[in-house]
Amino acid sequence: MKPLIYLCLFLCAVLSTTVGFSQEYSVSGFVHDREQQPIAFAHVIVMKAQDSSIVRGVSSNDKGFFMLDRLASDKYVFKFSFMGYTDIYKSVLVDQSVEMGTIVLNEASEQLDEINISVKRPTLKKLADRLVFNIENTALIEGNMFEVLQSTPGILVMDNNIQVKNAKPTVYINDKKVHLSGEELMQLLQSSSANSLKSVEVITNPSAKYDASSGAVINIVMSKNLVTGYRGNVFGNFTQGVFPRYDAGMSHFFKNEKIDFFANYAYSQDKINRDQDEVVNYLDFNNTIDEIFKSTTNRNTWSKTHNFNFNFDYNINEKNTLSLSSNMLVLPYFDYKIKNNTHVLDASQNLNYYFDANNISKDDKYNLGFDLDYVHKFEKSGEKLSANAHFTTYNYNRNQNVKSNYFANDGSFLDTSAFRTENHQDTEIYTAKIDYNLPIDDSANLEIGGKGSNIKTASDITQFNSVNGAETIDANNTDVYTYDESIYGGYVNFSKEWEKLSLIAGLRVEQTNAKGYSVIDNVTNNQDYLDWFPTASLTYAFSDNFSLYSNYKRSIQRPDYQDLNPFQFYLNDVTVVTGNPDLKPIIVNRAILGTSFLNGLYTVEAYYKASDNNIFELTLQDNVNKRITYTPFNLKSTIEYGFDFVTYFDLIENWSVYFVTSFYNTRDRGTIDGLEYEKDLWSNYTALSNDITFLKDKSLNANLSLTYMSKSIRGFREINEVLFSNLTISKTILKNKASVSLVISDLFNKQDFTFKSRYLNQNNTTFYDQDTRTVKLGFRYKFGNTNLKTNERVTSQQETERLEKK
């Protein structure tokens, strides 16, 4: 902990030496219309003249008066705007307090219609390192963040797992990592409104500023706060799938000259169904079928989720800002019931015996995260120092009861087995980081920074076997596991632009010290390693219509904490879920060569990605003991290469279309039970989205998104083709104070999928019937100053993403 303590002391020293009060001035005036009538609530935005970066903004009062104080000596551009009037820009040199007099705004009704058309249709922009999907003020914002990601090109959501290019991305909101596990991330996105969402960035080549584990990044960009005032909204949604679901919430935002404050609360109550059919062909030593297990499983999950987050920003002065934020996810009620029926057949499909198993689990958990941020802006435009300290505490409890009854082929009772499992987990995460940004000149920039983190997790499991109502501890499945990980890293990143050429180059270095210890087995796993992670991006613009670019990045993906946990969780007597303490981190090397032409209308790129020690959850069958084990496993390598095509265009004035397609080959290599195996397959990913606005006032909007995924492989397992489809319709009402929405998911009922394992001595198939075909009705009402943009953001850390749940 000493490096973390030293880093925190350094941050305090920086804070104490940089929080100074330089000489400040005020600018004031009035905003009127052509009839010399005051305009109340006109927006006055002040920007730096050098780079147009926004300093802050205010709204005029009922007499049209405005004042911005505490402005440092500099040259600024003031923007005056109000709905239905033409914007006015004024350049002002502030070296003393300035009275601007009266600013007159002219009506511009025709121009207003054009603006409404442009902001109601999403835009898609392909840059050298990312794809930017702008959805502000479109139909998509009436859903939740999860539904937006489902409609974003380049993102695939399958079985509640988010993927970018067949890899798990790091999710950011406003350039802050989301500090939740995969399951909790889905709960957060599903309970978070997209109403304040501006765009989604799919970053395939993150710079060295990002953690080395950020091989691909999804950055959700929220609208920025600009003017003072208060606003709020309340919302409610009803979703009908196999069972009904409900969610409701409210958001409040307040801003004045010193304070930006945002608070959000959401509650959801869900019951979700999933059906599963599985066939396992157990093989003899000659790899011929010896016995067949055919299972049908129904799983119902009940949950009650409370999600609360807030952001408090305090502007100490023009140069210094202090922020406190928190995300709190509490699930006091998370139960699931699994009903399984398995028929055991001989090689000739004759019934030997059958059994049923009932698994009832009651969980409760919470994840509480807190961030303290400090930003100091220097006199030089763009030069700033940022510091962050983060803490997460996570607690999880499970009580599981499993009972199985066995019957002969004639239906007569044979035997029964029962056991109970208690499991607890506590995790604490501490991180501290500092970043410094220095613009060298108008075309060059330098970034340097460092980060330290420490993660401690302790978990225990106790299994009780029940015989005639009496419980005894099963020593073979009782253990205590502790995990301690420290990571220290630093980076440097340089960017430079010439007339036609632009360059971004960076290097990150990270030292990892990790120790996992199983108390009962007295087994310790240590991993200590230092690694280097370079990044580079080069773009050359031959003309305004044609450019060529190339990217390279080396990254790492460390195992999730739960994946390293050796505990065995029995879903029934013959199905086990377990971790793997011997997992190694994945090292990924990725290179891209692409071109953009016709003013970015079309983009074509080729890519190559090599992943050493790639981790997949495999379904491994034990042909001797007749048991299926779900476990994470290191393959030797995964090689993927392919070609992408992206375009965005307008069919007609109110109808825009984007289209993305990718053809790629995946080759997995690994060793199972001492035997090497290799499998490869060509696949296709295609996404098509249509955005349409209706009515003269553009108040009715619709989005239809289709995503097709052909047959593909994931860790030797084949996945059948799937089609994702979503229709979103929204209508603003009550003079734009409210909106109603309709979302239909899985229109064609083609999101169910099948996993097949056909290699070496593995022969099993699993079909998942997901509860994805739903209809959702939503209502939102806004109050207060509805023109106010919010400072909503979700702070996060890379380490907590690895808090995977069972």
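Residues numbered from 1 in each chain as written. Predicted model: local features only at pLDDT ≥ 70, side-chain atom pairs only at ≥ 80, totals over all residues. Heavy atoms only, no water.

Participant: What's the story with the overall build of the chain in this structure? I'm lost.
Facilitator: Looking only at helices and strands, the chain has five helices and 46 strands in total. Sequence separation of at least 24 residues holds for 66% of the intrachain contacts in the chain that already meet a minimum separation of 6. (Helix = DSSP H or I, 4+ residues; strand = E, 2+ residues; numbered from the N terminus. Contact = heavy atoms within 4.5 Å.)

Participant: What is the right way to read empty space enclosed by the protein from this model?
Facilitator: With a probe scaled to a water molecule rolled over the atoms, the places where space remains empty come into view. This structure, assessed with the given rule, holds ten cavities of 30 Å³ or more. If you add up the space inside the second largest cavity, you get close to 320 Å³. Taken together, 22 residues form the lining of the second largest cavity, with Gly154, Val164, Lys165, Asp644 and Tyr685 sitting closest to its centre. Residues that form the lining of the second largest cavity fall into these classes: twelve nonpolar, five polar and five charged. (1 Å grid on protein atoms, 1.4 Å probe; cavity = no way out; pocket = protein on both sides within 12 Å on 5 of 7 lines; lining within 4 Å. Points joined across faces, edges and corners; volume = space filled by probe spheres on them. Nonpolar A, V, L, I, M, F, W, Y, C, P; charged D, E, K, R; others polar.)

Participant: What is the right way to read the sheet that holds strand β31 (residues 575–578) from this model?
Facilitator: The strands that make up a sheet pair up through hydrogen bonds in the backbone, lying either parallel or antiparallel. Overall, mixed pairing links the four strands, which are arranged β30-β31-β35-β34 in an open sheet. Edge positions in the open sheet fall to β30 (568–572) and β34 (615–622), since each of these has one partner strand only. Across the sheet, the axes of successive neighbouring strands diverge by a mean angle of 25°, strand direction being ignored. Note that β31 and strand β35 (residues 627–634) share three bridges and pair parallel. What sits directly across from threonine 575, in β35, is isoleucine 628. (Pairing = 2+ DSSP bridges. Axes fitted to C-alpha atoms, helices over the stretch in contact; angles between N-to-C directions.)

Participant: Could you clarify how one ought to interpret the confidence of the model for the chain in this entry?
Facilitator: Interpretation of this model should avoid reading the predicted coordinates in detail wherever pLDDT is low. Per-residue pLDDT for the chain has a mean of 85; in total, 87% of the residues score no lower than 70. No element of the chain has a lower mean pLDDT than helix α2 (residues 109–119), which averages 32, and none a higher one than strand β45 (residues 762–770), which averages 95. Below pLDDT 50 for its whole length, residues 109–120 participates in 15 contacts with residues either more than four positions away or in separate chains. (pLDDT = per-residue confidence, 0-100.)

Participant: Is there a simple way to explain the sheet that holds strand β6 (residues 88–94) in this structure?
Facilitator: Ordered by their spatial adjacency, four strands build an open sheet running β3-β2-β5-β6, and the pairing between neighbours is antiparallel. Among the strands making up the open sheet, the edge pair consists of β3 (54–59) and β6. Strand-to-strand twist in this sheet, taken as the mean axis angle between neighbours without regard to direction, amounts to 25°. Bridge count for strand β2 (residues 43–48) against strand β5 (residues 74–81) is six bridges, and the pairing is antiparallel. Residue pairing in the sheet places histidine 43 in a bridge with serine 81 of β5.

Participant: What is the right way to read the environment of tyrosine 374 from this model?
Facilitator: Summarising the element assignment, tyrosine 374 is placed in strand β21 (residues 351–377). By relative accessible area, tyrosine 374 is classed as buried at 6%. Through-space distance from the C-alpha of tyrosine 374 to that of aspartate 313 is 9.5 Å; in sequence the pair is 61 residues apart. Polar contacts involving the side chain of tyrosine 374 include one to the side chain of asparagine 320, which spans 2.5 Å. (Buried < 20%, exposed > 50% of the residue type's maximum accessible area, 1.4 Å probe, protein only. Polar contact = N/O pair within 3.5 Å; in protein donor to acceptor, adjacent residues only side chain to side chain.)

Participant: It is not clear to me how unusual backbone geometry should be interpreted in this structure. Could you clarify?
Facilitator: Residues other than glycine predominantly adopt negative phi, and peptide bonds predominantly adopt the trans conformation. Despite not being glycine, lysine 698 has its phi angle at roughly 60°, a positive value. Secondary-structure assignment places lysine 698 in the loop between β38 (675–694) and β39 (700–709). Even without glycine at this site, lysine 735 takes up a positive phi of about 55°. By the element assignment, lysine 735 lies in the loop between β42 (722–733) and β43 (738–745).

Participant: Just checking my understanding: could you explain the pattern of salt bridges for this structure?
Facilitator: A side chain of one charge can pair with a side chain of the opposite charge when the charged atoms of the two come close. Enumeration according to the criterion identifies 25 salt bridges in this entry. The closest approach of N and O atoms between lysine 79 and aspartate 87, which form a salt bridge, is 3.8 Å. On the basis of relative accessible area, aspartate 87 is assigned to the partly exposed category, the value being 33%. Arginine 420 is the salt-bridge partner of glutamate 471, the closest N and O atoms lying 2.9 Å from each other. Here glutamate 471, found in strand β25 (residues 470–473), pairs with arginine 420, found in strand β23 (residues 413–441); they are 51 residues apart in sequence, far enough to count as distant. Sharing partners across several salt bridges, the network here consists of Asp211, Lys451, Arg508, Glu510 and Arg558. (Salt bridge = Lys/Arg side-chain N within 4 Å of Asp/Glu carboxyl O.)

Participant: Any chance you could explain the pairing of β35 here in plain terms?
Facilitator: Note on strand geometry: in a regular strand, side chains alternate between the two faces of the sheet. Relative to β35, β34 is paired through eight bridges, and the arrangement is antiparallel. Bridging across to β35, leucine 618 finds its partner in threonine 631. The hairpin turn running from β34 into β35, its antiparallel successor, is four residues long, and lysine 626 in that turn takes a positive phi close to 55°.

Participant: What should I look at first to understand the side chain of serine 326 in this one?
Facilitator: For serine 326, the position within the fold is in strand β20 (residues 320–346). Among the polar contacts made by the side chain of serine 326, one reaches the main-chain carbonyl oxygen of glycine 369 at a distance of 2.9 Å. If we ignore the near neighbours within four places in the chain, the residues touching serine 326 are Phe308, Asn309, Phe310, Gly369 and Phe370.

Participant: Help me understand the packing of aromatic side chains, please; the structure alone is not making it clear to me.
Facilitator: Aromatic ring pairs are described here by two measures, namely the spacing of the ring centres and the angle between the planes. Here the structure, examined in full by the defined rule, presents 27 aromatic pairs. Relative to phenylalanine 293, the ring of tyrosine 282 lies with its centre 5.0 Å away and its plane at 80°, an arrangement referred to as edge-to-face. In this pair, tyrosine 282 is assigned in strand β18 (residues 259–283) and phenylalanine 293 in strand β19 (residues 289–315), connecting sequence segments eleven residues apart. Accessibility assignment for this pair places tyrosine 282 and phenylalanine 293 in one class, buried. Clustering of aromatic rings is evident, with ring pairs tying together Phe597, Tyr602, Phe645 and Phe659. The ring of phenylalanine 334 carries lysine 365 above its face, with NZ or CZ at 4.4 Å from the centroid. We note arginine 398 situated over the ring of phenylalanine 569; from NZ or CZ to the ring centre the distance is 5.9 Å. (Phe/Tyr/Trp six-rings, centres within 6.5 Å; stacked < 30°, edge-to-face > 60°. Lys NZ or Arg CZ within 6 Å of the ring centre and 35° of its normal.)

Participant: Quick question: what am I supposed to make of the environment of leucine 149 here?
Facilitator: With respect to the element layout, leucine 149 can be found in helix α3 (residues 145–150). The buried category is assigned to leucine 149, whose relative accessible area is 0%. Linking leucine 149 and phenylalanine 133, residues 16 residues apart in sequence, is a C-alpha distance of 10.0 Å. What leucine 149 contacts, discounting residues up to four positions off in sequence, is Ile155, Ile162, Leu189, Val200, Ile218 and Ile220.

Participant: For this particular structure, what's the right way to read the nonpolar core?
Facilitator: Most often, soluble globular proteins have nonpolar side chains that are buried together. Leu149, Ile155, Ile162, Leu189, Ile218 and Ile220 are the most contacted members of the largest nonpolar core, which has 49 residues in total. Take this core: its biggest share by element is four residues, from α3. In contact with isoleucine 218, other than residues within four places in its own chain, are Leu149, Ile155, Ile162, Val164, Pro169, Thr170, Val171, Tyr172, Val200 and Glu201. One finds Tyr25, Val27, Val31 and Leu71 within the second-largest nonpolar core, a separate group that totals 22 residues. (Core = buried A, V, L, I, M, F, W, Y, C linked by side-chain atoms within 4.5 Å.)

Participant: In this structure, what is going on with the side chain of asparagine 726? I would like to understand it.
Facilitator: By the secondary structure assignment, asparagine 726 is in strand β42. Within the local environment of asparagine 726, its side chain forms a polar contact with the side chain of serine 745, the two groups lying 3.0 Å apart. Setting aside its immediate chain neighbours within four residues, asparagine 726 contacts Gln150, Asn703, Leu704, Ser705, Ile744, Ser745 and Asp746.

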